[in-house]
Amino acid sequence: MSDAIIKVESLSRSFGSLQAVQDVSFQVHQGAIFGLLGPNGSGKSTIIRMLLGILPPSSGNASVLDLDVQQDAELIKPRVGYMSQQFSLYGDLSVQENIDFYGRIYRLDPQRLSERRQAVLQLAGLQDRKSQLAATLSGGWKQRLALACSLIHEPDVLFLDEPTAGIDPVARRHLWDLLFALSGNGVTLFVTTHYMDEAERCTDVAYIYHSRLLVLGKPSQLKLLPEVTPENARRYELRVPSPANLLSRLRPVPEVLDATLYGETIHILIRNSRTLDSVLRDLGADADAADIREIPPSLEDVFVTLTARAQQQVKEGDELAQTISPMLPDVSEEPQSRQEQPDIAEANFDKTPADRPSAAIRDSGSRRLSTWSGLIAILIKEFVHIRRQPTTLFFMFVVPVIQTIIFGFAIDTQIENIPTVVFNMDGRQQSRELTDAFSNTRRFRLVDHVWSESEFQQALSSGRAKVGIRVPPDYVDKLLRSEQTHLQVLIDGSDAQVASTALSTAQLLGLNLSIELATAKGDALQLAPARNATGQGVLPVEVRTRLLYNPDLISSHFFVPGLVGIILQLVTLFLTSFAIVRERELGTLEQLFVTPVGRTGLLLGKLLPYALVGFVTLLTVLVVMIYVFGVQIRGSIALLLCLSMLFMVCSLGLGLLVSTIAKTQLEAVQFAFIIMLPSVLLSGFAFPRSEMPLPIYLVTFGIPATYFIEILRGVVLRGADLLALFPWVAGLFACGVFVLSLSVMRFQKRLSN
Ligand code: ADP
Ligand code: MG
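## Description of the pattern of salt bridges
So, step 1. Counted under the stated rule, the structure contains 31 salt bridges.
So, step 2. A salt bridge links Lys-218 to Asp-204; its shortest N-O distance comes to 3.3 Å. Taken as a pair, Lys-218 in the loop between strand S10 (212–217) and helix H8 (219–222) and Asp-204 in strand S9 (residues 204–209) lie far apart in primary sequence, 14 residues in all.
So, step 3. Asp-204 sits in the buried class, given a relative accessible area of 13%.
So, step 4. Between Lys-606 and Glu-382 there is a salt bridge, with the nearest N and O atoms lying 3.0 Å from each other. A residue pair is termed long-range when its members are at least 10 positions apart, and Lys-606 in helix H24 (residues 599–627) and Glu-382 in helix H16 (residues 375–388) qualify at 224 residues. With respect to class, Lys-606 is no different from Glu-382; both count as buried.
So, step 5. It is possible to trace a salt-bridge network through shared partners that takes in Arg-112, Glu-115, Arg-116 and Glu-154.

Laid out in structure tokens, this is it:
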């Protein structure tokens, strides 16, 4: 008899208070087609995940190929194949690209890969569909492709989790034919299903119900279980004209232990104390017209009977296991089946296989390499994704350009052309010069001259004008009489920024005007407060200002460099978190975890392509900054690019962090937004940090974008060098180290969870 390939002993797993798998023990022998049956939610997938080493058991032991599933998971992975419950291949990759991807993950060299590709394509009958995109295959063909991928590395054991769920009967039969062919080649198959009829195709079956194993054995033995057909009862198939009608009348008969509809027939279990003929006669059915034949129980009968018993026991509060376990010795009454039953007590889980030296050698090498392995495969795949997905390209080139342009032009804080209405009640030359002085500042745009108080009020209250200038009728008279004259400027305060600009400009204008008049008069009276070299009267103090770096005070010059940082973060953060969460959502991440792909390989394979995308985005945005906004980079471009890479590490780390928190792409969007908000609002990009209240000001030091925006403005606008930027670079570096190590740690933990 062959050795047990899979040994499971008292395996349990709970999720919080939910017991998903409870004290399950069984063994699977080489070459078997082991069917694990059970209704949805009974714990089948959980058992498979534990056997594959991607979910640690809460208690108990399990070994596959004599390797412990917890300690030697990495050694098991290269030798087993897994076809997960949901279709978990890459829809935007072709049939061949999917197969090649898995081939590379399992490190097949090009020669071997091409041989194996041929073999699995042929086995699955996929030769003619090599270049078809996986997403466009129908259900049955998708499953064949999944099978082909899981066989690329010639696994010794193949785990199939509900491989036939949701595919049509013809495709189901085809898939089973493939499985038989594999079994014929010596591959051990572990198949879960909830289709009862598929159990008949297995060499061994286990039935799990509510997390517990109810029954285990070969189909032929299970049908002989005394619980299924008690000694004093027989099972018949009854073919009658209207079976459904008869069924409801049969069930209440005390001697009828079980009656179920099977298509046009009824399967009935009836005590020997009464003949079926007499029951039918009593019910008024035509016993002669009925076609009656004795039948053995089907596996469905077995499971239905045992489930009913188990439900009864649960209802009565009995312990399931205690009442069910005595069944097993009954099965093994047959001499040959005693051997087939698991002898769990003797199973030695720590024993290393003496008969597999080659495997041990092969695996010691793979352990060394493992953390990097798969990098190339994932890189290639990721670039195919990027190429196939117009959205990524759109994100890479179009979004940054549009965003820079929109933001750059929209966030223009210079306030000009404030609509202004003038009510000039004087109307003489000097009063007109006054209103001209207002419009000459370019801050105010005269939209209207009104001639009555009501029109004046109306212009302001309707919002047509934000500022109203009212010149009193005696304006010029008072000026000439050297009396103080009043000029009224009414300002709409609803937009604070517009209002304060209007206010300060108006005040300044008034001051200038007064000084001008005063100096002129003082000069004439020889009372000038100070005189210049030519003896002209001037003000005693002159403040000379000079604007550095941005002499024209163009606000876009200030905003656009910061925008480069924000857009760089936006693109890398979103794309990275999406790329990883998408795999988790599709189930391909789980599929990857059961391959020997290394953690570093997986991580770098996912991050590098998006780092490159981020770099392209960066260049694009810089080009827009220079050529659209005319912002020249005063400092070193090399320094800017280097520091941008440092910032990109932070963004990639944040993306990775999001991917460890979010379970779905929708959640990823939400988390990414939550991270983007402080980067936009608190980093000093939109509002000056120095104006923030102290607690918030302190928070800004925890945001990577804060440092990068300072760096960007420093290099681009002021031509700062590394030394001048040192504190910011150090801060950015610290952020990078923190974010990246936190996210890598969390990511690793998610993998091993
Ligand atoms: P089956 O494959 O037989 O349909 P599963 O093994 O998927 O059943 O699930 C068994 C039970 O464990 C279910 O109730 C399921 O909700 C629960 N379960 C499975 N995986 C998790 C998980 N990661 N977290 C919480 N509960 C889980
Ligand atoms: Mg399942």
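## A closer look at the sheet that holds strand S4 (residues 59–64)
So, step 1. Strand order in the open sheet formed by 4 strands is S2-S1-S4-S5, and the pairing between neighbours is antiparallel. Unpaired on one side and paired on the other, strand S2 (18–29) and strand S5 (67–68) mark the two borders of the sheet.
So, step 2. Note that strand S1 (residues 4–15) and S4 share 5 bridges and pair antiparallel. Looking across to S4, one finds that Glu-9 is bridged to Asn-61.

## Regarding the packing of aromatic side chains
So, step 1. Here the structure, examined in full by the defined rule, presents 15 aromatic pairs.
So, step 2. Ring geometry for Phe-26 versus Phe-190: centroids 6.0 Å apart, planes at 40 degrees, classification tilted. Here Phe-190 lies in strand S8 (residues 188–193) and Phe-26 lies in strand S2, a separation of 164 residues in the sequence. Each member of the pair Phe-26 and Phe-190 is classed as buried.

## A few points about empty space enclosed by the protein
So, step 1. Counted under the stated rule, the structure contains 3 cavities of 30 Å³ or more.
So, step 2. In this model, the largest cavity occupies a volume close to 130 Å³.
So, step 3. Lining the largest cavity are 18 residues, and of these Tyr-82, Met-83, Ala-146, Ser-150 and Gln-591 sit closest to its centre.
So, step 4. Elements represented by at least two residues in the lining of the largest cavity include exactly strand S6 (80–83) and helix H5 (139–151).

## Looking at the site of ligand 1
So, step 1. The local shell around ligand 1 consists of Phe-15, Leu-18, Ala-20, Pro-39, Asn-40, Gly-41, Ser-42, Gly-43, Lys-44, Ser-45 and Thr-46.
So, step 2. In the environment of ligand 1, an oxygen atom lies 3.0 Å from a nitrogen or oxygen atom belonging to the backbone of Gly-43.
So, step 3. When ligand 1 is considered free in solution it has 550 Å² of accessible area, and contact with the protein chains removes 63% of it.
So, step 4. At the level of secondary structure, the elements contributing two or more residues to the shell around ligand 1 comprise S2 and helix H1 (44–51).
So, step 5. Broken down by element, the shell around ligand 1 gets its largest block of residues, 3 residues, from H1.
So, step 6. For the shell around ligand 1, a count of residues per class yields 4 nonpolar, 6 polar and 1 charged.

## Remarks on the packing of helix H3 (residues 95–105) against helix H4 (residues 110–124)
So, step 1. Contact pair H3 / H4: the axes reach a minimum separation of 10 Å and the direction vectors enclose 130 degrees. Our classification of the angle between H3 and H4 gives oblique. Crossing hand, H3 versus H4: right-handed. Every residue of H4 that contacts H3 at Val-95, Gln-96, Ile-99, Asp-100, Gly-103 and Arg-104 is listed here: Leu-113, Arg-117, Val-120 and Leu-121.

## Details of the confidence of the model for the chain
So, step 1. Put simply, the chain has an average pLDDT of 83, and 88% of its residues get 70 or more.
So, step 2. Taken as a whole, residues 321–368 scores under 50 in pLDDT and shows 63 contacts with residues more than four places along the chain or in a different chain.

## Thoughts on the side chain of Ser-577
So, step 1. Counting through the fold element by element, Ser-577 comes out in helix H22 (residues 555–586).
So, step 2. Here Leu-573 takes part through its backbone oxygen, which lies 2.9 Å from a polar atom of the side chain of Ser-577.
So, step 3. A polar side-chain atom of Ser-577 sits 3.2 Å from the main-chain carbonyl oxygen of Phe-574.
So, step 4. Sequence-distant contacts of Ser-577, that is, excluding residues within four places in its chain, are made with Gly-655, Val-658 and Ser-659.

## Looking at the coordination of the magnesium ion (ligand 2)
So, step 1. Looking at the magnesium ion (ligand 2), the protein donor atoms are Ser-45 (OG) and Gln-85 (OE1), and they sit 2.0 to 2.3 Å from it. Placement of the pair is Ser-45 in helix H1 and Gln-85 in the loop between S6 and H3, with a sequence separation of 40 residues.
So, step 2. What makes Ser-45 buried here is its relative accessible area of 12%.

## Looking at the packing of H5 against helix H6 (residues 169–184)
So, step 1. Across the interface, H5 lies against H6 with an axial gap of 9 Å and an inter-helix angle of 15 degrees. It follows that H5 is roughly parallel to H6 by the angle criterion. Handedness of the crossing formed by H5 with H6: right-handed. Residues Gly-140, Gln-143, Arg-144, Leu-147 and Leu-151 of H5 form the contact with H6, whose participating residues are Ala-171, His-174, Leu-175, Leu-178, Leu-179 and Leu-182.
So, step 2. Among the residues forming the contact of H5 with H6, the class breakdown is 7 nonpolar, 3 polar and 1 charged.

What counts, and at which threshold
- Residues numbered from 1 in each chain as written.
- Chains lettered and ligands numbered in written order.
- Predicted model: local features only at pLDDT ≥ 70, side-chain atom pairs only at ≥ 80, totals over all residues.
- Heavy atoms only, no water.
- Salt bridge = Lys/Arg side-chain N within 4 Å of Asp/Glu carboxyl O.
- Helix = DSSP H or I, 4+ residues; strand = E, 2+ residues; numbered from the N terminus.
- Buried < 20%, exposed > 50% of the residue type's maximum accessible area, 1.4 Å probe, protein only.
- Pairing = 2+ DSSP bridges.
- Phe/Tyr/Trp six-rings, centres within 6.5 Å; stacked < 30°, edge-to-face > 60°.
- 1 Å grid on protein atoms, 1.4 Å probe; cavity = no way out; pocket = protein on both sides within 12 Å on 5 of 7 lines; lining within 4 Å.
- Points joined across faces, edges and corners; volume = space filled by probe spheres on them.
- Near = heavy atom within 4 Å.
- Polar contact = N/O pair within 3.5 Å; in protein donor to acceptor, adjacent residues only side chain to side chain.
- Areas by Shrake-Rupley, 256 points an atom, 1.4 Å probe, with all protein chains shown as cover.
- Nonpolar A, V, L, I, M, F, W, Y, C, P; charged D, E, K, R; others polar.
- Axes fitted to C-alpha atoms, helices over the stretch in contact; angles between N-to-C directions.
- Parallel < 35°, antiparallel > 145°, perpendicular 65-115°, else oblique.
- Left-handed = near helix turned anticlockwise from the far one by under 90°.
- Contact = heavy atoms within 4.5 Å.
- pLDDT = per-residue confidence, 0-100.
- Donors = N, O, S within 2.8 Å, 3.2 Å for Na, K, Ca; no water.

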